[in-house]
Amino acid sequence: MQAEEKIIEIKKEQIATESSLQNLNEVSGSVALLESCIAEGVKTIFGYPGGAIMPIYDALYDYNEKLKHILVRHEQGAIHAAQGFARSSGNVGVVFATSGPGATNLITGLADAHIDSTPLVCITGQVYAHLLGTDAFQETDVINITTPVTKWNYQITDANEIPEVIAKAFYIAKSGRPGPVLIDISKNAQIQKFNFKGYTKCNHIRSYRPKPIVRKKYIEQSAEIINRAQKPFVIFGQGVILGKAEKEFLAFIEKGGLPSACTILGLSALPTDHPLNVGMLGMHGNYGPNVLTNECDVLIAIGMRFDDRVTGRLDKYAKQAKIIHLDIDPSEIDKNVKVTIGVWGDCKETLPMLTSAIETKKHTEWVRKFYDFKKEEVDSVIYNELNPTSDELTMGEVIKYLNELTNGDAIVVTDVGQHQMVTCRYAKFNSSKSNITSGGLGTMGFALPAAIGAKFGAEERTVVAVIGDGGIQMTIQEFGTIMQTGVDIKIIILNNQFLGMVRQWQQLFNDKRYSFVNIESPDYVQVAKGYRIAAKKVESRSELKNSLQEMLNHKGSYLLEIMVGKENNVFPMVPQGCSVSEIRLK
Amino acid sequence: MSKLEYTITVYTENQIGLLNRIAIIFSRRKINVISLNTSSSEVENVHRFTIVIHETEEVVRKLCRQIEKQVEVLSAYFNTEDEIVWQELAMYKVSTDVIAEKVKVERLLREYGARAVVIRKDYTVFETTGHREEIDKLTKVLEPLGLIEFVRSARVAIIKASEGFHQRLKEFEKTDPSETPIENEFLDKQDEVFTM
């Protein structure tokens, strides 16, 4: 009986295939998926094939010209690369991975993209729908595993759903506050033929309101407060970049004469050498912005979320100031810091409204105060970091020479740890979308794959990845991706032979009890050579600048391992649990 | 701020997985959900969650914002107990012999608003609806008789001041951004407005 049914089924399928030849609209779910991606303007996909996503890869075989697929060495590499791509291009990053382990390998990247608001669409294969819940081979409950780390996710078990769901996925990923979306497609839906009626982009989901109407009342109230302010201070985050509002932001701060400091993800939204750019906030940010947060009378937060690394101790954070918070995500307003006025909206819209409502001013005295603090920071920290007198190289001087050679035009991708803080503190940025780092999640291993993706997202630009000796070993397999794709990125390993940031904390707070921070490295030059990547190791100051120049001149990827001082610390520092004004210079 | 019992009402699309998305907003913050009910609402195809938690108003407000942030959630409201009309339902299975012998059934039915749903030779099922304290009273009477089974439902609640979701849904269905569903009014009168 069952066998008979099966034969009938097969016959039905044959009939379906035959009729599909007559009907050109009849395509497989896989083809519909790829057509949908193309309709969304996707040109690059980062992925790794496997059993449950084979029909999609089979369809991809015929789309070689329209879709560039980058074969990574691990799914985590794929998703970080897609993040780098999204951050350098401003477009949605797309990832393909198979079911089970393929999907679970995406989790770190999803969490990273979720907390850093990076628009991604991840497609995972899934076992046949009739096998769901049977502990089938490479089956995992991807939807439930990824729910806390996605903006939205959905499981497709019928090909007819594909065009509409993919349209929703792209719309949700990039609209409002962006984020990662995961679509799980069961194998039967990938194979299933259906009548593909074409692709319509989604621009409205009734339960989803990414773009609020800006209420003039709040703009007016904010402008009034700003106009009355004696010591106004702007702190801005990635929202300015995500909202593509760099020009609007510049107009705003220039009209108001407002000193502005960025969060780590806000870096590069405002050119480093703009006179109103007073530096970076946060635990290892600049001295002035941290101290003066507790001295300003009006704090204007734009597209940032008051992370604990920015605020330090909350009950001592900017208590004296009236706080205005511009954000597109209403759940951010009042979440960590109680605000005087919350302006809910897209800063691309709210900033021009605010600019036209504020008076033209120059807070010369107040801005000078930031420069006074900067001088103090230069004298006690920065000068020595950039111009060391000992033989040991410092991370800071590497970045100083890099600035000189790239002139601040490169995209700088950093991993997580001391090198990240030093690079973000000293790197020069002339244009937006030039700083790519794992901010919220602090994912070691992020930089190498993200740099690869960043290059695909902005092929005309130089991409420099600065990575520690810990982080590089977490995703070092992506050398293989560099080798196979021939992508041109410059990799600087700042090797201090320690897991430096943890070691710094152990030195400062755990009586120098160095517990498992002493990490050994392979011979990176040899490893790179094995992957046919040009490489060099630098140990002395005399060869540093030339080697950096050589790296930048090299056609194709290049790895430069630089040995730096083993026990250097990053300062200034706001110790955990302290107020921002208790920032330490040593 | 002191903790109170808050009833959260969430209007949502009917979507698989949304229950989990909402549940983890609580579990991630280690907040205990006292009761949770999902049902249809006054509007066709719109689902209604009723969630009871014991928390401070600030926490509840933040939770509601996180809930509303979910793509398939239309609106989330929170109310204190005096702002709602609410009911819970309980059912008791007891031995008919014991009941017949020891309890004045008539008094039970009158005094506690209980109803007998099933009466069989071997067992009787009583049912009552009301606030938790009312149900607790009946439980106290029946417990000594040996409950074969006892079950109590989640809370369902009507918001006294609500005009229902019909009008609001129409606003949501407009493609242009419109004022009504976007309640950032809360920003300047936080103590009066109960939605986010």
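The rules behind the values
Residue indices follow the written sequence of each chain, beginning from 1 at its first position. Think of it this way: whatever chain is written first is A, whatever ligand is written first is 1, and the rest follow in order. Note on the predicted model: pLDDT of at least 70 is required for a residue's local features to be given, and 80 or more for side-chain atom pairs to be given and counted; whole-chain, interface and lining totals, by contrast, use all residues. A run of DSSP states H or I qualifies as a helix once it reaches four residues; a run of E qualifies as a strand once it reaches two. Both are numbered from the N-terminal end. With C-beta atoms placed from the backbone, a residue counts as buried when 20 or more other C-beta atoms lie within 10 Å of its own, as exposed when 12 or fewer do, and as partly exposed for counts between those limits. Think of it this way: build a C-beta for each residue from its backbone, and any pair within 7 Å is a contact. Two things to know: the radius of gyration comes from C-alpha atoms, and the globule rule equals 2.2 Å times the number of residues to the power 0.38. In this classification, Asp, Glu, Lys and Arg are treated as charged, Ala, Val, Leu, Ile, Met, Phe, Trp, Tyr, Cys and Pro as nonpolar, and every other residue, Gly included, as polar. Any set of buried Ala, Val, Leu, Ile, Met, Phe, Trp, Tyr and Cys residues joined through C-beta atoms within 7 Å is what this text calls a nonpolar core. Here an axis means a line fitted to C-alpha atoms, over the contact stretch when the element is a helix, while the angle between two N-to-C directions is reported on a 0 to 180 degree scale. Orientation is classified from the angle alone, with under 35 degrees giving roughly parallel, over 145 giving roughly antiparallel, 65 to 115 giving roughly perpendicular, and any other angle giving oblique. By convention, the crossing between two helices is left-handed when the near helix turns anticlockwise from the far helix through less than a right angle, and right-handed when the turn is clockwise. A pair of strands counts as paired when DSSP detects no fewer than two bridges linking them. Residue ranges labeled as domains rest on an automatic or database domain assignment. It is the directions from the helix axis to the C-beta atoms whose arc is reported. pLDDT runs from 0 to 100 and stands for how confident the predictor is about each residue.

When you look at the overall build of chain B in this model, what are you seeing that I'm missing?
Each helix and strand counted, chain B has six helices and nine strands in total. Across the 196 residues that make up chain B, the buried fraction comes to 31%. Put simply, 72% of the contacts in chain B that link residues at least 6 apart link residues at least 24 apart.

Explain the overall build of chain A to me, please; I cannot follow it from the model alone.
Each helix and strand in chain A was counted, giving 23 helices and 20 strands. For a compact globule of 586 residues, the expected C-alpha radius of gyration is about 25 Å, and chain A comes in at 25 Å, within 12% of that figure. Overall, chain A is about 85 × 60 × 40 Å in size when its C-alpha atoms are taken along their principal axes. By the burial criterion, 55% of the 586 residues in chain A qualify as buried. Sequence-distant contacts, at least 24 apart, represent 77% of the contacts inside chain A between residues at least 6 apart.

In this structure, what is going on with the interface of chain A and chain B? I would like to understand it.
By a frequent convention, interface size equals the accessible area lost on bringing the separate parts together. Chain A puts 24 residues into the contact, and the matching count from chain B is 24 residues. Among the elements of the structure, α7 (142-146) and β14 (341-344) of chain A are those that each provide at least two residues to the side of chain A that touches chain B. The biggest single contributor to the side of chain A that touches chain B is β14 of chain A, with three residues. Looking at the side of chain A that touches chain B, its residues break down into 13 nonpolar, six polar and five charged.

Any chance you could explain the nonpolar core here in plain terms?
Across soluble globular proteins, you tend to see nonpolar side chains buried next to one another. Residues V95, V121 and A465 of chain A are the most contacted members of the largest nonpolar core, which totals 176 residues. With near-sequence residues (within four places) excluded, A465 of chain A lies in contact with V413, A447, L448, A451, I489, K490, I491 and I492 of chain A. In this structure, I8, V52, C64 and L74 of chain B belong to the second largest nonpolar core, which totals 23 residues.

What am I meant to see in the packing of helix α17 (residues 395-406) of chain A against helix α23 (residues 544-553) of chain A here?
Between two packed helices, the angle of one axis relative to the other and the distance separating the axes together describe the packing. Residue and element names in this part refer to chain A. Packing of α17 against α23 leaves a shortest axis separation of 10 Å and a crossing angle of 50°. One way to sum up the angle between α17 and α23 is to call them oblique. The two elements α17 and α23 meet at a crossing, and its hand is right-handed. Two secondary-structure elements touch here, α17 through V398, Y401, L402, L405 and T406 and α23 through L544, K545, L548, Q549 and L552. Of the residues belonging to the contact of α17 with α23, the class tally is seven nonpolar, two polar and one charged.

What is the right way to read the sheet that holds strand β13 (residues 322-327) of chain A from this model?
In a beta sheet, neighbouring strands are held together by backbone hydrogen bonds and run either parallel or antiparallel to one another. Residues and elements named next belong to chain A. If you trace the six strands from one edge of the open sheet to the other, you get β11-β10-β9-β12-β13-β14, paired in parallel fashion. At either margin of the open sheet sits one strand with a lone partner, and together these are β11 (277-280) and β14. When strand polarity is set aside, the average angle formed by the axes of neighbouring strands in this sheet is 20°. Sheet analysis places strand β9 (residues 232-236) next to strand β10 (residues 260-262), joined by three bridges and oriented parallel. Residue pairing across strands places V234 opposite S260, the latter belonging to β10.

How should the domain arrangement of chain A be read in this particular structure?
All names here are of chain A. The assigned domain composition of chain A is domain 1 (21-195), domain 2 (216-369) and domain 3 (393-567). Here domain 2 and domain 3 have C-alpha centroids that lie 31 Å from each other. Between domain 2 and domain 3, the contact holds 12 residues from the first and 15 residues from the second. Of the residues assigned to the side of domain 2 that touches domain 3, the class counts are seven nonpolar, three polar and two charged.

What exactly am I supposed to notice about the pairing of strand β4 (residues 93-97) of chain A here?
Regular strands show a simple pattern: their side chains alternate between the two faces of the sheet. Residue and element names in this part refer to chain A. Counted residue by residue, β4 has five buried out of five residues, so it is predominantly covered. Here strand β2 (residues 44-47) runs beside β4; their pairing, made up of two bridges, is parallel. In the sheet register, G47 faces β4, and the bridge partner there is F96.

What exactly am I supposed to notice about the pairing of strand β6 (residues 115-119) of chain B here?
Along β6 of chain B, only zero of the five residues are buried, which leaves the element largely exposed. Remark: three residues form the turn of the hairpin made by β6 of chain B and strand β7 (residues 123-130) of chain B, two consecutive strands paired antiparallel.

Could you clarify how one ought to interpret unusual backbone geometry in this entry?
Glycine aside, negative phi is the norm for most residues, and most peptide bonds take the trans geometry. Residue and element names in this part refer to chain A. Here F571 and P572 are connected by a cis peptide whose omega angle stands at 0°. A positive phi angle, near 50°, is found at S117, a position not held by glycine. Its 25 C-beta neighbours within 10 Å are what place S117 among the buried residues. A positive phi angle, near 60°, is found at K433, a position not held by glycine.

Which parts of the structure should I look at to understand the environment of L250 of chain A?
Residue and element names in this part refer to chain A. Here L250 shows up in helix α12 (residues 246-256). A count of 19 C-beta atoms within 10 Å places L250 in the partly exposed class. L250 sits 101 residues away from L351 along the chain, and the two C-alpha atoms are 9.5 Å apart.

I keep staring at α23 of chain A and nothing clicks. Help me out?
Two residues of an α-helix separated by three or four positions point the same way, owing to the 3.6 residues in each turn. Residue and element names in this part refer to chain A. Buried residues of α23: S547, L548 and M551, and no others. Viewed end-on, α23 has its buried residues packed into an arc of 100°, placing them on one side of the element. More than 90 degrees from the buried face of α23, the exposed residues found are N546 and N553. Its buried side turned inward, α23 meets α17, β18 (490-495), β19 (534-538) and β20 (558-563).

Looking at this structure, I do not really get the sheet that holds β19 of chain A. What am I missing?
Residue and element names in this part refer to chain A. Strand order in this open sheet of six strands is β16-β15-β17-β18-β20-β19, and the pairing throughout is parallel. Only two strands of the sheet have a single partner each, and these edge strands are β16 (435-436) and β19. Alignment of β18 against β20, held across six bridges, turns out to be parallel. Residue pairing for β20: L494 is matched across the bridge by I562. The strands touched by α17 are β17 (463-468), β18 and β20; relative to β18, the strand with the most contacts, the crossing angle is about 160°.

I'm lost on the environment of K93 of chain B in this one. Help?
Residue and element names in this part refer to chain B. With respect to the helices and strands, the residue K93 is situated in strand β5 (residues 84-95). In this structure, the C-alpha to C-alpha distance between K93 and A116, residues 23 residues apart in sequence, is 9.9 Å. Apart from the residues lying within four places of it in its own chain, the contact partners of K93 are Y123, V125, L147, I148 and E149.

Could you clarify how one ought to interpret helix α6 (residues 107-115) of chain A in this entry?
Residues and elements named next belong to chain A. All buried positions along α6 are accounted for by T108, G109, L110, D112 and A113. Lining the buried residues of α6 we find α4 (75-89), β5 (120-126), α7 and β7 (180-186). Just beyond α6, the residue with positive phi is S117, at close to 50°.

What is the right way to read the packing of α4 of chain A against α6 of chain A from this model?
Residues and elements named next belong to chain A. At a minimum axis distance of 8 Å, the contact between α4 and α6 shows a crossing angle of 20°. Between α4 and α6, the angle is such that the two are roughly parallel. Crossing of α4 over α6 shows right-handed handedness. Contacts from Q76, I79, H80 and Q83 of α4 reach α6 at T108, G109, L110, D112 and A113. Here the residues of the contact of α4 with α6 are counted per class, giving three nonpolar, five polar and one charged.

Help me understand the confidence of the model for chain B in this model?
Predicted coordinates in regions of low pLDDT should not be interpreted in detail. Residues and elements named next belong to chain B. Across chain B, the average pLDDT comes to 87, with 89% of residues at 70 or higher. Between the elements of chain B, mean pLDDT differs from a low of 82, seen in helix α4 (residues 105-112), to a high of 97, seen in strand β3 (residues 46-55). In the predicted complex, the global pTM is 0.93; the interface-specific ipTM is 0.90.

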